[in-house]
Amino acid sequence: MALSSLRIQLRFLLPLTVTLVIAATLAMPLLDRVTLRWFSRDLNSRGTLVANTLNDTVAEALVAGRPERLQAVFERAAQDERLFAIGLCSAGGELLQHTQRFPPELSCRRARDVAESGDSQLALAGGSVHVGVHDVMAALAAPVARPAPTLPTPAEVGIDTDSRIPPADGADPTPAAGGAAPAATPTRVGELVVLHDLSFIDRRSQDTRRYLIGLIAALGLAIALITVAVAQLSWRGWVKGTRALMRGEGLLTPFAPVPELAPLASELRSRLRDLEDEYRRAQGPETEWTAERLRSLLRTRLSGDQIIVVSNREPYIHERTAEGVVVRRPASGLVTAVEPVMRACSGTWIAHGSGSADREVVDGSDRVAVPPDHQDYWLRRIWLTPEEEQGYYYGFANEGMWPLCHVAHVRPVFRESDWHAYRAINQRFADAVVAEARREDPVVLVQDYHFALLPAMVREQLPQATILTFWHIPWPNPESFGICPWRREILQGMLGSTILGFHTRFHCKNFIETVDRYLEVRIEHEHSTIAHQDKETLVESYPISIAWPDAEAAHWPPVAECRRRVLQRLDLPADVTLAVGVDRFDYTKGILERLNAVERLLEKHPQMRGRFAFVQVAAPTRSALDEYRNFQQRVEQTAARINARFSGSACAPVHLLAQHHEPDAVNELLRAADICVVTSLHDGMNLVSKEFVAARDDLQGVLVLSRFAGAARELPEALIVNPYHVEEAADALHRAATMPAAEQRERMASLRSTVREFNVYRWAGRMLADAGRARLRTRIEARVRRFQEDGQVGDA
């Protein structure tokens, strides 16, 4: 870019230099003439001064008829450095006396002709001289009354009697009567020729030329420096403005960074409006984000581009059972969100193969087409040994990074061996991405905290790839993250991403502050970009969601039927108020806190006993870790204690279902419930809350939602609670149990509108649209670089 700027500047500087040289060449003769004219006037004045000084002496010698006496006077006068020679001419034009250097070829008449010429210059063999001719005047008086002493006649001394100056008007030229002496009359008695050496003028002219050349050079240098500075600033402004246009600034609002680019921005805005109109006409009146709309966006923004998803958890698990190989979907918010996107855009999903029958169904490249009934995309499985899984997954990821990022009051554990395993597995997945890539610039979607190092590893092998990393869990503040011994490596790995997404702006702010604390980077807070190692990463919030179940809802059983089945299965009375919670057995989900709230509810409102039941679905997870096993035991003991305490009721208040439930079973439970309880202690988003809203097409049911879940920012119509405050949570449960149907309908309608509009396709669409813009910008910059390189080659 600096070379291009210099080339642009040279296009102005070279003509400027040529212009200054021509101006100097034309100015030299004019300057010489002006200088000569100035010095000629000066020499004329000096000659007049010399003549006036010598006039009386010369006139006396001429009148006395002894001009030879003037030789010594002339020689002394000619010692002046500027005087070349002095000559004395009679009034008749005869050279009477001269100094030694007086040119012999110069006659009195020729001297008069040269002096009366324009420049008064005479070229001699030794150089030019300035010729000045000055009259020598003498005051002469004639005797009248008495004889005068015998004097030479005027003719004898060469005085022309006709050249006497006539008397003034009214004066009598005859002598006064009575013998009085007449008035003295000035008479020209000769001419003094003064020759000045012009070599000093040549020296002065040379000095003047040098000064002029120096002045022009200094002026040119000053103009050049100003030009370079202005051009550099202008170039930077244009580049900044162009980059701003590439980022989309000025396309929606008036353009401010560079006013000169405002017309271009206006034209782009107009063109974008036309494209949007065409797109809307092609899409029809429906503006909701759907799988088809996402596919349309991929065709327009990422046409022909390959999409690769990387996650630890696979979307489909093949298990060996007594009945044979069965396929099930894991309980995971990540799978819930990303799997519909992969169905819409196809591609390849790379994940850890953890099922007991996973190896039996893959091909020679460890790939299998999924879903089993549609086969919309490929699942590439990566195999881990038990030792690798222990170090990478259970160790560093879930004993280190998970508690580090969640404010759940569990201390993170970091081991050197776990770190080595984590880094090795990240490299293995990165190599798989490279192997699956059909071209050098795929779109790679990296999911979650298991692969913090992978973006930089992929970037190293595929520099042109567009890498989107989405961090599904919260991001802590800089002080908390500083606990990690490998914090710099983690941050550098994540900054290999083109786009880095979080659920909320708060998490984005925490990440940017963490990077600013621990790395040397350039951060543009206005645009949420981080420049690291000549690569920019956009840090943006993309609230994740679920696929809106329009098609599936048509096959759902009615709410009444779902409720009948659930109550029958759990042996609950028909008029019971049913509250449910659906989570993994994880200490961040606040399961103990909601059990304490249920207990407090029954304490404060005895009339609810036997009429209120809480069903907790808790799929076992990470059972290899002591913290999770101990947590599950505490939950089971607390549930048993509450049930024992209120054993006299018509039904047990707590039903703990510690097993995996398929999506259809979870949906049936959500449709049957009166209340959904989400009391996460710290959660990136929590999709169970949105699944409950999507399941309630009858516009009934109340959502009790933790303020520490990311979903609380999108779903304010829920009853927002602090799960640590038992009284507040218990009161919220009571309010939900007694809420009128009309209020439930109003709240649920608003919640459903939000979840339907901000669904998972919109989440993916926003990220992929940003990815499309990033790829377009990268391609434009690559073309500009190629044009510049071609231009440089052409210039060479």
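Please refer to the structure placed before this passage.
Everything numeric here is computed off the predicted structure, so don't read it as measured data.

Our focus in this paragraph is the overall build of the protein. Along its length, the protein carries 23 helices and 23 strands. Relative to its full complement of 796 residues, the protein shows a buried share of 48%. Put simply, 72% of the contacts in the protein that link residues at least 6 apart link residues at least 24 apart. Surface accessibility of the protein: about 38,600 Å² in total, with carbon and sulfur atoms responsible for 53%.

The final tally for this structure, using the stated rule, is 47 salt bridges. Here Glu436 and Arg380 are joined by a salt bridge, their closest N and O atoms 2.8 Å apart. Linking Glu436 in helix α10 (residues 416–436) with Arg380 in strand β11 (residues 377–382), this pair joins segments that are 56 residues apart in sequence. Arg380 shares its class with Glu436; the two are buried. Here Glu727 makes a salt bridge to Arg600, at a shortest N to O gap of 2.5 Å. Highlighted residues: Glu727 in helix α21 (residues 726–737) and Arg600 in helix α17 (residues 591–604), separated in sequence by 127 residues. Salt bridges sharing partners connect three or more residues here, namely Glu599, Arg600, Glu603, Lys604, Arg641, Arg645, Glu727 and Asp731.

This brings us to the packing of helix α20 (residues 688–695) against helix α22 (residues 741–757). Where α20 contacts α22, the axes come no closer than 9 Å and their chain directions differ by 115°. By the angle class used here, α20 and α22 are roughly perpendicular. Of the two elements, α20 crosses α22, and the hand of that crossing is left-handed. Where α20 approaches α22, its residues Lys690, Phe692, Val693, Ala694 and Ala695 are matched on the opposing element by Met748, Leu751, Arg752 and Val755.

Here we take up the nonpolar core. Among the nonpolar cores identified, the biggest contains 93 residues, and Trp471, Ile490 and Phe511 are the most heavily contacted of them. Of the residues forming this core, the biggest block, nine residues, is contributed by helix α9 (residues 386–405). With near-sequence residues (within four places) excluded, Phe511 lies in contact with Trp475, Leu491, Met494, Leu495, Leu500, Phe502, Ile530 and Val539. In this structure, Cys562, Leu570, Leu578 and Ala718 belong to the second largest nonpolar core, which totals 79 residues.

Calculation notes
Residues numbered from 1 in each chain as written. Predicted model: local features only at pLDDT ≥ 70, side-chain atom pairs only at ≥ 80, totals over all residues. Heavy atoms only, no water. Helix = DSSP H or I, 4+ residues; strand = E, 2+ residues; numbered from the N terminus. Buried < 20%, exposed > 50% of the residue type's maximum accessible area, 1.4 Å probe, protein only. Contact = heavy atoms within 4.5 Å. Areas by Shrake-Rupley, 256 points an atom, 1.4 Å probe, with all protein chains shown as cover. Salt bridge = Lys/Arg side-chain N within 4 Å of Asp/Glu carboxyl O. Axes fitted to C-alpha atoms, helices over the stretch in contact; angles between N-to-C directions. Parallel < 35°, antiparallel > 145°, perpendicular 65-115°, else oblique. Left-handed = near helix turned anticlockwise from the far one by under 90°. Core = buried A, V, L, I, M, F, W, Y, C linked by side-chain atoms within 4.5 Å.

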